[in-house]
Amino acid sequence: MEKASGLLFSGVRVDRKRFAREIARFQQLKKEPDDLGDLADAALEALPEVKANKKEKKRKRKDKDSSGCISGLHAVEGFSVFKSSESLSSILERNALEATSAEKKKEVEKEIEKASILRKKYGIHVSGHGVPPPLESFVELSSRYNCKPYILHNLTELGFREPTPIQRQAIPVLLSKRDCFACAPTGSGKTLAFLCPMLMKIKPGLKNGVKAVVLCPTRELAAQTARECKRLAKGRKFYIKLMTKELSRCGDFEKMLCDIIISTPFRLDFAIRKRKFDLSRVKYLVLDEADKLFELGFVEQIDSVVKACSRTTVVRTLFSATLPETVEKLASTVMVDAVRIIIGRKNSASEMIKQKLVFAGSEKGKLLAIHQSFSESLNPPVLVFVQSKERAKELYKELAFDDIKVDVIHADLSQQQREDAVDNFRSGKTWVLIATDVVSRGMDFKRINCVINYDFPESAAAYIHRIGRSGRAGRPGEAVTFFTEEDKPFLRNIANVMAASGCEVPSWILTLPKLRKRKHRPHRDSISTIPDDSA
Ligand SMILES: Nc1ncnc2c1ncn2[C@@H]1O[C@H](COP(=O)(O)OP(=O)(O)OP(=O)(O)O)[C@@H](O)[C@H]1O
């Protein structure tokens, strides 16, 4: 017995010492961290305080198990010698493990440091546990995440050489299937940040229902996102559908092949409630321009979509250039263990836009100012925002007399007319597009030189989105905001946004009294050059 145990003992001792590393590695393999988020957690675990705490807990549990005996005492009696031999071997094992985990810890610490250097470099701020490190390049999509070559090919075809900051961080987060709040400036590539991981994670054409849903506040944005999605998916047989009015009313959803559906909340809610459109297999739900979607009027429809995407593992994500705390709070009730990503300063305008405030005195002053500015230096394409569709029509009538190619877009037009207005502006047929806020969010008109806020925006968020139609994808842009006496009390909100993005603001504006946040939609005199009788 003694001999046998001695042999066993010595055998164990020699092998374990010699192969300590291998044993330790093998044991580690049982649970390899599946992403660097886990590695980060592993690093935490390796901290002396955490380890000591765990050891103490383990010891207490062990002491409790041995019917009140102190475990060390067993080692000297009878069969407990075997126990003693076991614990000795496990001590050796532990030593080996500790040596390896020290190496691992160093490795993890290096990764963490590298991630934080990258984040600092690109102005990425994250919160949440175990956040995967940002991408250094698109190539990492294949080395780290086994991305199919067609996506990398399409990225190159689209001319995207480097990921933008939001793409660097949001793509790994979504690939690790974490819910996510993401706030990044206008024109910074948020669309690709959610489309790319979606295409990587879902299998095309399996005929077993919708796998991903993207909600956008307007039809124009939904159409644009569907187009972007198709461009990125080129070469793969994904069924990507835009939920149109016709499809939501007459589509045969049982037979329809659809991997990804892109829609406004109204159309999708209609299809779910009235036509029993099944979203129970959805893996990804994206709310683009999330703060707009959480505004009154949309909330019930969003609720219906969130409920319909009933799979327990669905990844929910919110993207916007403006994400107020109220929205985050509301949204967090449906998010699980979410990661929060902020690029640069939260709720700020793109730094690529030169912003200017122009005092026009009165409504008539604004009309004179725009005529004058177009006659002196019109640098198309120019997007002009007004407060309502009535005012859009009025300003269109005024400017149509000038020798410029001007068009108008608002909610009173048919879908076809709206699409034509967008297409003509994109292709350069239209130089000046007069618009309501219907195109203020998400629309990616290439190379807009100037945005004119003819009517003062109703909030700082509206301002950020409107001017964000220029200065996109790293290009410079310009924004001019007219104000009258009546807009003065609301100037400070906008001036703060301007100052935060590095633009000069007259100091008197910054000393104006603070206003409680409320929308600014004043009644304005109609836009007309016809002399006012009362004058
Ligand atoms: N990695 C990249 N490199 C270069 N250009 C890019 C890259 N990713 C996206 N873009 C381009 O940047 C432009 C803006 O992208 P996108 O519309 O996604 O911005 P956004 O952040 O969603 O803006 P918004 O807040 O206004 O919705 C698009 O023209 C897009 O094609």
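Worth saying up front: this structure is predicted, and the values here are computed from it rather than measured. (Residues numbered from 1 in each chain as written. Predicted model: local features only at pLDDT ≥ 70, side-chain atom pairs only at ≥ 80, totals over all residues. Heavy atoms only, no water.)

**Q** For the sheet that holds strand 2 (residues 180–183), give the residues involved together with the corresponding values.
**A** Reading across the sheet, the eight strands line up as 1-8-2-7-6-3-5-4 and stay open at both edges, with mixed pairing between neighbours. Each end of this open sheet is capped by a strand with a single partner; those strands are strand 1 (124–127) and strand 4 (240–242). Ignoring strand direction, the axes of neighbouring strands in this sheet form an average angle of 15°. (Pairing = 2+ DSSP bridges. Helix = DSSP H or I, 4+ residues; strand = E, 2+ residues; numbered from the N terminus. Axes fitted to C-alpha atoms, helices over the stretch in contact; angles between N-to-C directions.)

**Q** An account of a positive patch on the surface is requested, with residue identities and associated values reported.
**A** A cluster of basic residues, K177, K201, R281 and R311, forms a positive patch at the surface. You can see K201 is positioned in helix 9 (residues 190–201). (Patch = residues over 30% accessible without salt bridge, like charges linked within 9 Å, V, L, I, M, F, W, Y side chains within 5 Å. Areas by Shrake-Rupley, 256 points an atom, 1.4 Å probe, with all protein chains shown as cover. Salt bridge = Lys/Arg side-chain N within 4 Å of Asp/Glu carboxyl O. Lys, Arg positive; Asp, Glu negative; His and termini not counted. Charge placed at Lys NZ, Arg CZ, Asp CG, Glu CD.)

**Q** If you had to explain the environment of K274 to someone new, which residues and values would you point to?
**A** Following the sequence through the fold, K274 ends up in helix 12 (residues 265–275). Looking at K274, the relative accessible area reads 52%, which means it is exposed. C-alpha separation for the pair K274 and G209, spaced 65 residues apart in sequence, amounts to 18 Å. (Buried < 20%, exposed > 50% of the residue type's maximum accessible area, 1.4 Å probe, protein only.)

**Q** Describe the UniProt feature "domain: DEAD-box RNA helicase Q" (unreviewed entry) in the protein chain, listing the residues and the values that go with them.
**A** Following the UniProt record, one finds the feature "domain: DEAD-box RNA helicase Q" (unreviewed entry) at residues 140–168. Within residues 140–168, the helical portion is 66% and the strand portion 0%, while the C-alpha atoms at the span's ends are 10 Å from each other. (UniProt positions renumbered as here; feature names shortened; annotations may be inferred.)

**Q** Break down the packing of helix 12 against helix 14 (residues 299–308) for me, with residues and values.
**A** Closest axis-to-axis distance for the helix 12/helix 14 pair is 9 Å, and the angle between their directions is 55°. When the axis of helix 12 is compared with that of helix 14, the two are oblique. For the element pair helix 12 and helix 14, the recorded crossing hand is left-handed. Residues P265, F266, L268, D269, I272 and R273 of helix 12 pack against Q301, I302, S304, V305 and A308 of helix 14. Its residues assigned to classes, the contact of helix 12 with helix 14 comprises seven nonpolar, two polar and two charged. (Parallel < 35°, antiparallel > 145°, perpendicular 65-115°, else oblique. Left-handed = near helix turned anticlockwise from the far one by under 90°. Contact = heavy atoms within 4.5 Å. Nonpolar A, V, L, I, M, F, W, Y, C, P; charged D, E, K, R; others polar.)

**Q** Pulling in residues and values, what's your account of the site of the ligand?
**A** In the vicinity of the ligand lie 19 residues, with G187, K190, T191, D444 and R472 positioned nearest. Within the backbone of E162, one N or O atom sits 2.9 Å away from a nitrogen atom of the ligand. The contact in question runs from an oxygen atom of the ligand to an N or O atom on the side chain of D444, over 2.5 Å. The fraction of the free accessible surface of the ligand (640 Å²) that becomes covered by protein chains is 90%. A class-by-class count of the residues in the shell around the ligand yields four nonpolar, eight polar and seven charged. For the shell around the ligand, the domains that each give at least three residues are domain 1 (123–343) and domain 2 (353–511). (Near = heavy atom within 4 Å. Polar contact = N/O pair within 3.5 Å; in protein donor to acceptor, adjacent residues only side chain to side chain. Domains from an automatic or database assignment.)

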